[in-house]
Amino acid sequence: MLAARDLKGPRPSALISQKVGIMATSPYFTSGVLTRNMSRRVCVARERDHHPGSNLAKSRAAGRPAVGQPGLQIQADPVGAASAIRPGSSPIRGNARRQKRESLQTAGGSGRKLSRPQSASPEKDTNSKWEPKDWREQLDNIRKMRKGRDAPVDHMGAEQCFDKTAAPEVMRYQVLLSLMLSSQTRDQVTFAAMKQLRDHGLTVDNILKMDDKTLGELIYPVGFWRNKVKYIKQTTAILKEQYNGDIPSSVSELLKLPGVGPKMAHLIMKLAWNNVSGISVDTHVHRITNRLKWVKKETKTPEESRLALEEWMPRELWSETNWLLVGFGQQMCLPVNPRCTVCLNRDICPTAKNNLRKTNPRLPPSSPLQPCQQQQ
C-alpha cells in the first residue's frame, strides 16, 4: 500500500499555503478572518514544508515546481505564504497599490499618472444668471395694458409737474421738489401742490424768502407736509451755498440732501440729467415685482427690490420700468383687490392664480386648467 506522502497531487500544506495567499490578496479579506485552528494548521504546514526531507524543500533546492503544482513557481520566502498577512496591515490597501503600479506600467513605464476619466454628465454652469420665469411675456403684456397711457402717473406724475420752458437749473430744481413732495402722496395731490408753488414762483431764491407757514399752506395736504416744509428749506439752502442754485449731478450727492431717498435720486437723475443710474422703485414697483416673482426671494423694502431687479434685468429696460409698473399698479395690480380676472398676465402670474382660486373654490390646487378658463 502506498503511503499518503507518495501520492501525486498537491499536499494539504501546499493547498493551505495557496489558499492563504489567495485570501491575502482578496479585496474582501481582512486581518482576523483566520481562526485559531486555521492559524495552527498554517504553522504546522509551514514547518512540514521547510523540513529537509519534504518534497517542497527538495523542489526548491532543484529549482523545480512543486509536485502537483505545474507552472507554479514557489519563491523561497523564509516567512512562508502566511507572511502576506501582517498584523495591522490591510490587503485592500496592498491591492490598491498593485493596481496603481499596474496602471503606471500600462502608461508605458514613464511614471506619469494617468488622468481620471471625466464624468460624462455636464457640470452646472455656476455663472449662469438667474431670470424670473415668463418675465418677458409678462413685460410685453404690461406694455399692452399700458398702451393707452391713461393712468394718473401719465398726466400728473413727476414728469408733468415742472416747467419745461424754465431755465435748466430752475427746471431741475422743480424736478427735485416735485419728487420730494410725491413721497407718500398721490399724484393728484402732488400735481396740485406743485401748481400752487409754480404760481408763486418756484425758484431757489423765492423759496428761501418764503416763510414756513406760507410754504406749508401751498403744499398742504401732501403727506407729512410739516416735515417736508423743513426738508425743502434745508435742501434749498444747501443748493444755494454748495451748488450755486443747481442740484447735484450724482446719486451719492443727491442722497446727502435732506428728504431725498434712493427712489427719488434715480428718478431725478433720469428726468433732470437724462442719466439712467438705476431703477426707481416705489411702493407700486415693489409690490408688483414680488407678485410676479421677479425677485429670487421676497423682499421687504423698495430698496431691496431695486437691488434684486438690477441683478438680472437688462439695463436698457431700467428706464421704462418705473413708468410701466407704476401705471400698471394704479390701474390693474391694485394694492387691495387687484383686477386679476381682466389682467393679461392672469395665466402666468403666480399671485393671480392664487387669487382666482380663492374666488372659485371648486378649482382644485392641482387642476391643469387655467384659472381664466374656469372663470369664463
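Note on numbering: residues in each chain are counted from 1, in written sequence order. A pLDDT threshold of at least 70 governs which residues receive local features in this predicted model, and a stricter bar of 80 or more applies before side-chain atom pairs are shown or counted, although totals over entire chains, interfaces and linings include all residues. The side-chain numbers reported here are obtained from all heavy atoms of the structure, hydrogens and water having been left aside.

**Observations concerning the overall build of the protein**
No. 1: Helix and strand definitions here come from DSSP, where helices need a minimum of 4 consecutive H or I residues and strands a minimum of 2 consecutive E residues; each element is numbered from the N-terminal end. Each helix and strand in the protein was counted, giving 18 helices and zero strands.
No. 2: Relative to its full complement of 376 residues, the protein shows a buried share of 36%.
No. 3: Two residues form a contact once any of their heavy atoms are found within 4.5 Å. A sequence separation of at least 24 residues applies to 60% of the contacts in the protein between residues at least 6 apart.
No. 4: Looking at the protein as shown, the accessible area adds up to about 23500 Å², and 52% of this sits on carbon and sulfur atoms. Throughout, exposure labels follow a simple rule: accessible area from a 1.4 Å probe, protein chains only, divided by the maximum for the residue type, with under 20% read as buried, over 50% as exposed, and the rest as partly exposed. All accessibility values rest on the Shrake-Rupley procedure with a 1.4 Å probe; residue burial counts only the protein chains present in the view.

**Topic: the confidence of the model for the protein**
No. 1: Think of pLDDT as the predictor's per-residue confidence, scored from 0 to 100. With 62% of its residues at a pLDDT of at least 70, the protein reaches an overall mean of 79.
No. 2: With pLDDT under 50 throughout, residues 1-7 is counted as low confidence; its partners more than four residues away or in other chains account for two contacts.
No. 3: pLDDT under 50 marks residues 117-126. Its contacts with residues more than four places away, or in other chains, come to zero contacts.

**Structural notes on helix H7 (residues 168-182)**
No. 1: The end-to-end C-alpha distance of H7 is 21 Å, a good match for the 21 Å that 15 residues give at a rise of 1.5 Å each.
No. 2: Among the 15 residues that make up H7, 12 are buried, leaving the element largely enclosed by the rest of the structure.
No. 3: Where the residues of H7 are buried, they touch helix H8 (187-199), helix H9 (204-209), helix H10 (212-219), helix H11 (225-242) and helix H13 (262-273).
No. 4: One or two positions beyond H7, positive phi appears at Gln184, with a value near 55 degrees. By this rule the span expected of a helix is its residue count minus one, scaled by 1.5 Å.

**Thoughts on the layout of surface pockets**
No. 1: Method remark: on a 1 Å grid restricted to protein atoms, a set of points is classed as a cavity if a 1.4 Å probe fits but cannot get out and as a pocket if it is open with protein on both sides within 12 Å along at least five of seven lines; lining residues have an atom within 4 Å of a point. Grid points are joined across faces, edges and corners, and a volume is the space filled by probe spheres set on the points. Each pocket or cavity is described by its volume, and for the largest pocket that value is around 1100 Å³.
No. 2: Taken together, 40 residues form the lining of the largest pocket, with Asp187, Lys263, Asp282, His284 and Val326 sitting closest to its centre.
No. 3: Among the secondary structure elements, those contributing two or more residues to the lining of the largest pocket are helix H6 (152-156), H7, H8, H13, helix H14 (283-291), helix H15 (302-312) and helix H16 (318-331).
No. 4: Any residue outside Ala, Val, Leu, Ile, Met, Phe, Trp, Tyr, Cys, Pro, Asp, Glu, Lys and Arg is labelled polar, Gly included; the first ten of those are nonpolar and the last four are charged. Residues that form the lining of the largest pocket fall into these classes: 15 nonpolar, 14 polar and 11 charged.

**Quick word on the environment of Met145**
No. 1: Here Met145 lies in helix H5 (residues 135-145).
No. 2: Since its relative accessible area comes to 18%, Met145 is described here as buried.
No. 3: Separated by 182 residues in the primary sequence, Met145 and Gly327 have C-alpha atoms spaced 9.5 Å apart.

**Some remarks on the pattern of salt bridges**
Side chains carrying opposite charge are able to pair once their charged atoms draw close together.
No. 1: The term salt bridge refers to a pairing of a side-chain nitrogen on Lys or Arg with a carboxyl oxygen on Asp or Glu at a separation within 4 Å. Per the stated rule, a full pass over the model turns up 10 salt bridges.
No. 2: A salt bridge links Glu320 to Arg143; the nearest nitrogen and oxygen atoms lie 2.6 Å apart. Residue Glu320 is located in helix H16, and its partner Arg143 is located in helix H5; the two are separated by 177 residues in the primary sequence.
No. 3: The exposure class assigned to Glu320 is partly exposed, which follows from its relative accessible area of 24%.
No. 4: Across the salt bridge formed by Arg306 and Glu303, the nearest N and O atoms sit 2.5 Å from each other. Here Glu303 and Arg306 lie together in helix H15, a separation of three residues that amounts to about one turn.
No. 5: Of the residues examined, Glu303 reaches a relative accessible area of 28% and is grouped as partly exposed.
No. 6: Bridged by salt links that share partners, the residues Asp140, Arg143 and Glu320 form one connected network.

**Observations regarding the packing of aromatic side chains**
No. 1: Geometry of aromatic contacts follows a simple scheme: Phe, Tyr and Trp rings, the Trp one being its six-membered ring, pair when their centres are within 6.5 Å, and the pair is stacked under 30 degrees between planes, edge-to-face over 60, tilted otherwise. Across all of its chains, the model carries four aromatic pairs by this definition.
No. 2: For the pair Trp130 and Trp312, a centre-to-centre distance of 6.4 Å together with 90 degrees between the ring planes defines the contact as edge-to-face. Placement of Trp130 in the loop between helix H4 (91-106) and H5 and of Trp312 in helix H15 is noted, with a sequence separation of 182 residues between them.
No. 3: Residue Trp130 is classed as partly exposed on the basis of its relative accessible area, which comes to 31%.
No. 4: Overall, the relative accessible area of 1% leaves Trp312 in the buried class.
No. 5: Relative to Trp225, the ring of Tyr220 lies with its centre 5.7 Å away and its plane at 90 degrees, an arrangement referred to as edge-to-face.
No. 6: The rings of Trp130, Trp135, Trp294 and Trp312 are connected pair by pair, giving a single aromatic cluster.
No. 7: Lying across the ring of Trp323, Arg146 places its NZ or CZ 4.5 Å from the centre.
No. 8: Placement of a positive charge over a ring is assigned whenever Lys NZ or Arg CZ falls within 6 Å of the ring centre and within 35 degrees of the normal to the ring plane. Positioned over the ring face of Phe162 is Lys164, at 4.7 Å from the centre of the ring.

**Some remarks on the packing of H7 against H11**
No. 1: Orientation is described by axes fitted as lines to C-alpha atoms, over the contacting stretch for helices, and by angles from 0 to 180 degrees between their N-to-C directions. Closest axis-to-axis distance for the H7/H11 pair is 11 Å, and the angle between their directions is 155 degrees. Our classification of the angle between H7 and H11 gives roughly antiparallel. Here H7 runs over H11; the crossing is right-handed. Here H7 contributes Tyr173, Leu176, Leu177, Met180, Leu181 and Ser182 to the contact with H11, which in turn contributes Lys228, Tyr231, Ile232, Thr235, Thr236 and Leu239.
No. 2: Among the residues forming the contact of H7 with H11, the class breakdown is eight nonpolar, three polar and one charged. Our angle categories are set so that under 35 degrees counts as roughly parallel, over 145 as roughly antiparallel, 65 to 115 as roughly perpendicular, and the remainder as oblique. Here is the rule for handedness: rotate from the far helix to the near one, and if that takes an anticlockwise turn smaller than a right angle the crossing is left-handed, while a clockwise turn gives right-handed.

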